[in-house]
Amino acid sequence: MDYKLIDMTVFGDNRGHLISFEKCNNCPFDVKRSFYIFDTVPGIVRGNHANRNSEFLLIAISGSCKIKVDDGKRQEIIELNTPQKALYLGRMMWKEMYDFSYNAILLVLTNTLYDEKEYIRNYDEYLKEIKQNEMG
Ligand code: TYD
């Protein structure tokens, strides 16, 4: 399973807290793009795709949500509910984001520019590519 939860370095004092992302500091890759997801209400499922080239760092900077990660063999569910933890996802991880709280804002950092061609949005196609990659 190519994912890990990262405890981020927090700069905190009596004025509050600050977290920064730099390569090798809180983020394992060079960030080329970032976006955030908001106004997604409970009951909605987002994602349902894998990316051939993108690695991701997901941070619930407000509220909470769950992420189901799947590598074609196993599935695990991770809850993000603090801005102090980030979920790293490697390439070719199938992901679903759901159970967003009403105040949820999910920040996503990635190492690529947006390219729809690197998305796999069909789960059977995903399993096929995983098998092909394993064979060689
Ligand atoms: P989509 O992949 O459906 O979002 P999610 O992963 O949360 O299910 O993306 C929603 C729309 O936004 C879709 O039309 C593609 C567009 N989009 C961009 O143009 N640039 C981006 O960086 C991203 C992530 C999405």
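Residues numbered from 1 in each chain as written. Predicted model: local features only at pLDDT ≥ 70, side-chain atom pairs only at ≥ 80, totals over all residues. Heavy atoms only, no water.

**Considering the sheet that holds strand 7 (residues 46-51)**
Taken in spatial order, the five strands line up as 10-9-12-7-14 in an open sheet, and their pairing is antiparallel. Looking at the sheet topology across the chains shown, the edges are occupied by strand 10 (75-80) and strand 14 (119-120). Bridge count for strand 7 against strand 12 (residues 94-98) is three bridges, and the pairing is antiparallel. Paired with Arg46 across the two strands is Met97, which belongs to strand 12. (Pairing = 2+ DSSP bridges. Helix = DSSP H or I, 4+ residues; strand = E, 2+ residues; numbered from the N terminus.)

**Regarding the pairing of strand 8 (residues 56-62)**
Moving residue by residue along a regular strand, the side chains alternate between the two faces of the sheet. Most of strand 8 sits inside the fold, with five of its seven residues counted as buried. Strand direction decides the pairing type here: strand 8 and strand 11 (residues 85-89), joined by three bridges, are antiparallel. Bridging across to strand 11, Leu57 finds its partner in Tyr88. Where strand 8 meets strand 13 (residues 105-110), six bridges bridge the pair, whose relative direction is antiparallel. Across the sheet, the residue bridging to Ile59 is Leu107, located in strand 13. (Buried < 20%, exposed > 50% of the residue type's maximum accessible area, 1.4 Å probe, protein only.)

**Focus on the environment of Val45**
Considering the arrangement of structural elements, one finds Val45 in the loop between strand 6 (33-38) and strand 7. In sequence terms Val45 and Glu96 are 51 residues apart; their C-alpha atoms lie 6.6 Å from each other. Once residues within four sequence positions are removed from consideration, Val45 is found in contact with Glu96, Met97 and Tyr98. (Contact = heavy atoms within 4.5 Å.)

**Some points on the environment of Ile77**
Relative to the elements of secondary structure, Ile77 occurs in strand 10. We classify Ile77 as exposed; its relative accessible area is 53%. When the C-alpha positions of Ile77 and Glu96 are compared, they lie 9.3 Å apart, and in sequence the two are 19 residues distant. Apart from the residues lying within four places of it in its own chain, the contact partners of Ile77 are Lys66, Ile67, Lys68 and Tyr98.

**Re the layout of surface pockets**
Looking at the largest pocket, its volume works out to about 180 Å³. Taken together, Phe35, Ile37, Arg46, Gly47, His49, Phe56, Leu58, Lys95, Met97, Val108, Tyr119 and Arg121 form the lining of the largest pocket. Among the elements of the structure, strand 6, strand 7, strand 8 and strand 12 are those that each provide at least two residues to the lining of the largest pocket. Residue contributions to the lining of the largest pocket peak at three residues, all from strand 7. Taken together, the residues that form the lining of the largest pocket break down as seven nonpolar, two polar and three charged. (1 Å grid on protein atoms, 1.4 Å probe; cavity = no way out; pocket = protein on both sides within 12 Å on 5 of 7 lines; lining within 4 Å. Points joined across faces, edges and corners; volume = space filled by probe spheres on them. Nonpolar A, V, L, I, M, F, W, Y, C, P; charged D, E, K, R; others polar.)

**Concerning the sheet that holds strand 8**
Judged by pairing direction, the sheet is antiparallel, and its five strands sit side by side in the order 1-11-8-13-6 without closing on themselves. Of all strands in the sheet, those bounded by a partner on one side alone are strand 1 (3-7) and strand 6. Neighbour-to-neighbour, the strand axes of the sheet open up by a mean angle of 25°, direction not taken into account. (Axes fitted to C-alpha atoms, helices over the stretch in contact; angles between N-to-C directions.)

**With respect to the environment of Asn53**
Relative to the assigned elements, Asn53 resides in the loop between strand 7 and strand 8. Separated by 62 residues in sequence, Asn53 and Asp115 place their C-alpha atoms 9.6 Å apart. Once you skip the residues sitting within four places of it in the chain, Asn53 turns out to touch Arg91, Asn111, Thr112 and Glu118.

**Points about the packing of aromatic side chains**
For the structure on display, the rule yields six aromatic pairs. Judged by centre distance (5.1 Å) and plane angle (80°), the ring pair of Trp94 and Tyr123 falls under edge-to-face. Of this pair, Trp94 sits in strand 12 while Tyr123 sits in helix 1 (residues 123-135), and the two are 29 residues apart along the sequence. Classification of Trp94 by relative accessible area gives buried; the value is 5%. (Phe/Tyr/Trp six-rings, centres within 6.5 Å; stacked < 30°, edge-to-face > 60°.)

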